[in-house]
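Each chain, written out:
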Amino acid sequence: MHEMGIVSGILTASVEAAARENATGINEIRIRVGELTEIIDDALCFAFEALTPGTLAEGATLLVERVPGRSVCAECGNSFNHGRFDVTCPQCESFLCELVEGRELEIESIDIDLPDENDTGETP
Ligand SMILES: [Zn+2]
C-alpha cells in the first residue's frame, strides 16, 4: 500500500521533530495533501493507526487537509480550481494550463506534549 510508505515518512519526520523538543508525546499531526496525489484519506488513517503504536505518536490524531487542484491558463492567464480530471480553463476553455497547486504532500504542523517542569510531584 502506497499510503503506508507515506505515513511512515511523515511519522519518522514528526517523531524526530518531537524528540528534538524533548516532547513526551505527539497529540496531533496535521498534513496537507493535494487533490491530485491520488492519496486516499482512509488509507492514510489506517496506516497511521497501524504504525503509531510504540512511537511518540501513539494515540495521536492525524488531520488531513485537502488542497484542491489549481492551475493557471497559459492562454488568458486565468487562475482556477479544479478536480483531477477537469483541467480546462473555465474562461476560454483552453487545455494549455499549468498546475500550481494540488500535488502537495507535506506536514503542516505537529502538536506535541512537553514535559511540564513546574508541575511534577510537587502537588500537595
Ligand atoms: Zn484561459
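About the cut-offs
- Residues numbered from 1 in each chain as written.
- Predicted model: local features only at pLDDT ≥ 70, side-chain atom pairs only at ≥ 80, totals over all residues.
- Pairing = 2+ DSSP bridges.
- Helix = DSSP H or I, 4+ residues; strand = E, 2+ residues; numbered from the N terminus.
- Axes fitted to C-alpha atoms, helices over the stretch in contact; angles between N-to-C directions.
- Contact = placed C-beta atoms within 7 Å.
- Parallel < 35°, antiparallel > 145°, perpendicular 65-115°, else oblique.
- Left-handed = near helix turned anticlockwise from the far one by under 90°.
- Nonpolar A, V, L, I, M, F, W, Y, C, P; charged D, E, K, R; others polar.
- Buried ≥ 20, exposed ≤ 12 C-beta atoms within 10 Å, placed from the backbone.
- Core = buried A, V, L, I, M, F, W, Y, C linked by C-beta atoms within 7 Å.

(A) Molecular detail of the sheet that holds strand β3 (residues 69–73). Spatial strand order, β4-β3-β5: three strands in an open sheet with antiparallel pairing. Both outer strands of the open sheet, β4 (79–82) and β5 (97–101), are each paired with one neighbouring strand and no more. This sheet shows a mean twist of 35° between the axes of neighbouring strands, independent of strand direction. Here β3 pairs with β5 via four bridges, running antiparallel. Residue Ser71 lies in a different strand from β5, and its bridge partner there is Leu99.

(B) Molecular detail of the environment of Ala18. With respect to the element layout, Ala18 can be found in helix α1 (residues 2–20). With 94 residues separating them along the chain, Ala18 and Ile112 place their C-alpha atoms 6.5 Å apart. When neighbours within four sequence positions are excluded, Ala18 is seen to be in contact with Ala23, Ile26, Leu56, Ile110 and Ile112.

(C) Geometry of the sheet that holds strand β1 (residues 25–34). The sheet built from three strands is open, its strands ordered β2-β1-β6 with mixed pairing. Edge positions in the open sheet fall to β2 (61–67) and β6 (105–113), since each of these has one partner strand only. Ignoring strand direction, the axes of neighbouring strands in this sheet form an average angle of 15°. Inspection of the sheet shows β1 paired to β2 by seven bridges, in the parallel sense.

(D) Main features of the packing of α1 against helix α2 (residues 41–51). At a closest axis distance of 9 Å, the pairing of α1 and α2 adopts a crossing angle of 55°. Put simply, α1 runs oblique to α2. α1 and α2 meet at a crossing whose hand is right-handed. Where α1 abuts α2, its residues Glu3, Met4, Val7, Ser8 and Leu11 lie against Ala43, Leu44, Ala47, Phe48 and Leu51. In terms of residue class, the contact of α1 with α2 is built from eight nonpolar, one polar and one charged.

(E) Looking closely at the environment of Leu36. Within the secondary structure, Leu36 sits in the loop between β1 and α2. For Leu36, a count of 21 C-beta atoms within 10 Å corresponds to the buried category.

(F) Region of the structure containing the nonpolar core. In this structure, Val7, Ile26, Ile29 and Ala57 are the most contacted members of the largest nonpolar core, which totals 17 residues. When residues of this core are traced back to their parent elements, those giving at least two are α1, β1, α2 and β6. Not counting the four nearest positions on each side in its chain, Val7 is found in contact with Leu44, Ala47, Phe48 and Leu51.

(G) Geometry of unusual backbone geometry. Of note in this structure, Asn22 is not a glycine but carries a positive phi near 60°. Look at Asn22 and you get exposed, because 9 C-beta atoms sit within 10 Å. Its identity as a non-glycine residue notwithstanding, Glu93 has a phi of 65°, on the positive side. Mapped onto the elements, Glu93 comes out in the loop between β4 and β5. A tally of 10 C-beta atoms within 10 Å means that Glu93 is categorised as exposed.

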